[in-house]
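Listed below are the residues making up each chain.
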Amino acid sequence: IASLDKNVFTLINPASYCAVNSFVFESGYYTQFFEAKSDSLLRSKDFQFPYLAFALPLMKKNDSAKMALSFGLMPESKLGYEGNTFGKAKWTDTPQRYKEKFAGSGGVNRFWIGASGSFLKNLWIGSNANFLFGKQDMIHRIEFIDTPSWYGLLKTTSTIIQGFNFDFGYIY
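Now for a description of the structure that goes with this document.

With respect to the pattern of salt bridges
Using the criterion set out here, one finds three salt bridges in the structure. Between Glu 76 and Arg 110 there is a salt bridge, with the nearest N and O atoms lying 2.9 Å from each other. Within this pair, whereas Glu 76 is found in strand 3 (residues 64–89), its partner Arg 110 is found in strand 4 (residues 96–120), the two being separated by 34 residues in sequence. What makes Glu 76 partly exposed here is its relative accessible area of 45%. Between Asp 137 and Lys 135 there is a salt bridge; the shortest N-O distance is 3.9 Å. Here Asp 137 falls in the partly exposed class, since its relative accessible area comes to 23%. With relative accessibility at 43%, the residue Lys 135 sits in the partly exposed group.

In structure tokens:
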């Protein structure tokens, strides 16, 4: 899948970088406003600047590039959840109510630098070198409602992600 347009490039196929004939900058943004009414009012605002992408021709031939370069920063994944369940612990003479909470946050980002070239008529090839990095946190908590003096459970897991990968593409 690719687009060969002199004003845009696609992040899916690095071979498309060769189509640009001038410096191209691409970015996006995301915003969300949320309001829920129940016993207490909950308002949430979220604004993100998800990605930046650049492409520029290195060597031009006619109306498109013979070689081009691209680089940028974008998210690969996002982790964001929170939930509660309630239950009764039945291992004592008098069942104890508890609240169980699950939450997760964080994500993985990708910085890439890529190049493409057209060395044969109607054949474009390209490649990206990607650096993946990020952190994900997950929390599992149990709290006893009827007997707050009882010790609950808190399990926190943090994962740090770092690594390289490569992708290739062609257009014929």
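On we go.
A look at the pairing of strand 5 (residues 123–144)
With 22 bridges joining them, strand 4 and strand 5 adopt antiparallel strand pairing. Its bridge partner lying in strand 5, Gly 117 is registered against Ile 125. Bridge count between strand 5 and strand 6 (residues 153–171): 19 bridges; the pairing is antiparallel. Residue Asn 128 lies in a different strand from strand 6, and its bridge partner there is Asp 167.

About the thresholds
Along each chain, residues carry numbers from 1 onward, in the same order as the chain's sequence is written. Whole-chain, interface and lining totals are the exception, using all residues; otherwise, since this is a predicted model, local features are given only for residues with pLDDT of at least 70 and side-chain atom pairs are given and counted only at 80 or more. Side-chain calculation: all heavy atoms of the structure are included, whereas hydrogens and water are not. Salt bridges, as used here, are contacts in which a Lys or Arg side-chain nitrogen is within 4 Å of a carboxyl oxygen on Asp or Glu. Only DSSP runs of H or I covering at least 4 residues are called helices, and only runs of E covering at least 2 are called strands; the numbering of each starts at the N terminus. Partly exposed residues are those whose accessible area sits between 20% and 50% of the maximum for their type, while under 20% is buried and over 50% is exposed, using a 1.4 Å probe and protein chains only. By the convention used here, strands pair only if DSSP detects at least 2 bridges between them.

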